[in-house]
Amino acid sequence: MITHILFNQRNISLACRWVFVTLHVTTSIYLTSVMKKTLKEATEKFEANLCCDEHITAQQTPNPVTVTNHGHFINDRNTVVRWEMYITYPFMLWDPMSQYKTLFINKLICPLCSDDKDLSNALFRYGEWYNGRLARLNPRVIFDMHTCILLVSAVYKCSKGHEITACHPDVLHVLKGRTEVPFFLTHRHGFTLELANLVEELIDNGLSFEQVEDTIIKQYMSIHNRFEASFWRDLALSKTFGVFYEESDMFFPRSHHNVFHTQAPQF
């Protein structure tokens, strides 16, 4: 599908122009067992730090180039190399109630309750996350300069049982008047401030919308190609150690334009 992503571009006269850049995106991302385990451990660590009353800020993992494995999975010669080990998405833990405590002098009110002045319907956190633990708790996808990022938001609840994601528009609206939110959300996806700034800079330097799109797609393809090269290199090394592979095991997901299109393989 085609998603129209909206960027606010400043010109020299400080007037605002709206620039639409079309990017080809998939509607969902297949979370591997490796990625789910990573998100589970990250959110559990967040909760543990919160219990210790440690200062917590908005957290994002490094660029995937820095976290991609470089052969450490085959230190054990009996290790079977799987493609799931090699596609790792950066992710952002998002829980403004914890990360921006000083900004929430007043309680956040549940946007789904009819009486928005009833403080008994204030939101509270209860340790649940959109970390892929269940299908209904899959993280949102936002797009950065080199890859997509998984937005792992906390789940808030009110006394009436309504569940609200921490990236709900009403929550973000409260923040936007007090601090800079590091991303924008569209109807189904979103993009980071860094990507918005990159597009703005490229447009200001005379690139067409098509050239901007092509530039971003090439950056995504470059990351995917590094993942794939590492996989095939380690697979070949593993085979020299005597590990046997079925034909169906020698598979790596294709890249679909600017998104790692990692649908579960069917054999």
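Residues numbered from 1 in each chain as written. Predicted model: local features only at pLDDT ≥ 70, side-chain atom pairs only at ≥ 80, totals over all residues. Heavy atoms only, no water.

Student: So what's going on with the pairing of strand β7 (residues 148-157)? Residues and values would help.
Tutor: With 9 of 10 residues buried, β7 lies mostly within the body of the structure. Here 4 bridges tie strand β4 (residues 91-94) to β7, and the two strands are oriented parallel to one another. Bridge pairing in β7 links Phe91 to Leu150. Sheet analysis places strand β5 (residues 124-129) next to β7, joined by 3 bridges and oriented antiparallel. In the sheet register, Arg125 faces β7, and the bridge partner there is Tyr156. Pairing of strand β6 (residues 140-143) with β7 involves 4 bridges; the strand directions are antiparallel. Pairing of Arg140 across the sheet is with Leu151, part of β7. In sequence, β6 turns back onto β7 through a hairpin of 4 residues. In this sheet, strand β8 (residues 163-165) lies alongside β7 in antiparallel orientation, the contact comprising 3 bridges. Note that in β8 the partner of Lys157 across the bridge is Glu163. (Buried < 20%, exposed > 50% of the residue type's maximum accessible area, 1.4 Å probe, protein only. Helix = DSSP H or I, 4+ residues; strand = E, 2+ residues; numbered from the N terminus. Pairing = 2+ DSSP bridges.)

Student: How would you sum up the pattern of salt bridges? Please name residues and give values.
Tutor: Considering all chains together, one arrives at 8 salt bridges under this definition. Between Glu44 and Lys40 there is a salt bridge whose closest N-O contact spans 2.6 Å. Here Lys40 and Glu44 lie together in helix α1 (residues 33-51), a separation of 4 residues that amounts to about one turn. Note that Asp95 is salt-bridged to Arg125, the shortest N-O span being 2.9 Å. Taken together, the residues Asp95 in the loop between β4 and α3 (96-99) and Arg125 in strand β5 connect sequence positions 30 residues apart. Looking at Asp95, the relative accessible area reads 0%, which means it is buried. Among the residues examined, Arg125 registers a relative accessible area of 22% and is labelled partly exposed. Here the salt bridges share partners, and the residues they tie into one network are Glu47, Asp95 and Arg125. (Salt bridge = Lys/Arg side-chain N within 4 Å of Asp/Glu carboxyl O.)

Student: Now, about the state of the cysteines: what can you tell me, with residues and values included?
Tutor: Tallied over the entire structure, the rule returns 0 disulfides. Left unpaired, Cys158 is separated from the closest cysteine sulfur, that of Cys110, by 3.7 Å. For Cys158, a relative accessible area of 2% gives the class buried. (Disulfide = S-S within 2.5 Å.)

Student: How would you explain helix α4 (residues 169-176) if you had to name every residue and give the values?
Tutor: When we look at burial in α4, the residues that qualify are Val171, Leu172 and Leu175. Axial view of α4: buried residues confined to an arc of 95°, hence all on one face. Seen from the open side of α4, the exposed residues pointing more than 90 degrees away from its buried face are Pro169, His173 and Lys176. (Arc of directions from axis to C-beta.)

Student: I'd like a description of the packing of aromatic side chains, backed by residues and values.
Tutor: Applying the stated criterion across every chain yields a total of 8 aromatic pairs. With centroids separated by 5.3 Å and ring planes inclined at 40°, the aromatic side chains of Phe231 and Phe252 adopt a geometry described as tilted. Remark: Phe252 occurs in the loop between α6 (209-240) and β11 (255-256) and Phe231 occurs in helix α6; sequence separation between them is 21 residues. Across the pair, exposure class does not vary: Phe231 and Phe252 are buried alike. We note Lys157 situated over the ring of Tyr126; from NZ or CZ to the ring centre the distance is 4.4 Å. (Phe/Tyr/Trp six-rings, centres within 6.5 Å; stacked < 30°, edge-to-face > 60°. Lys NZ or Arg CZ within 6 Å of the ring centre and 35° of its normal.)

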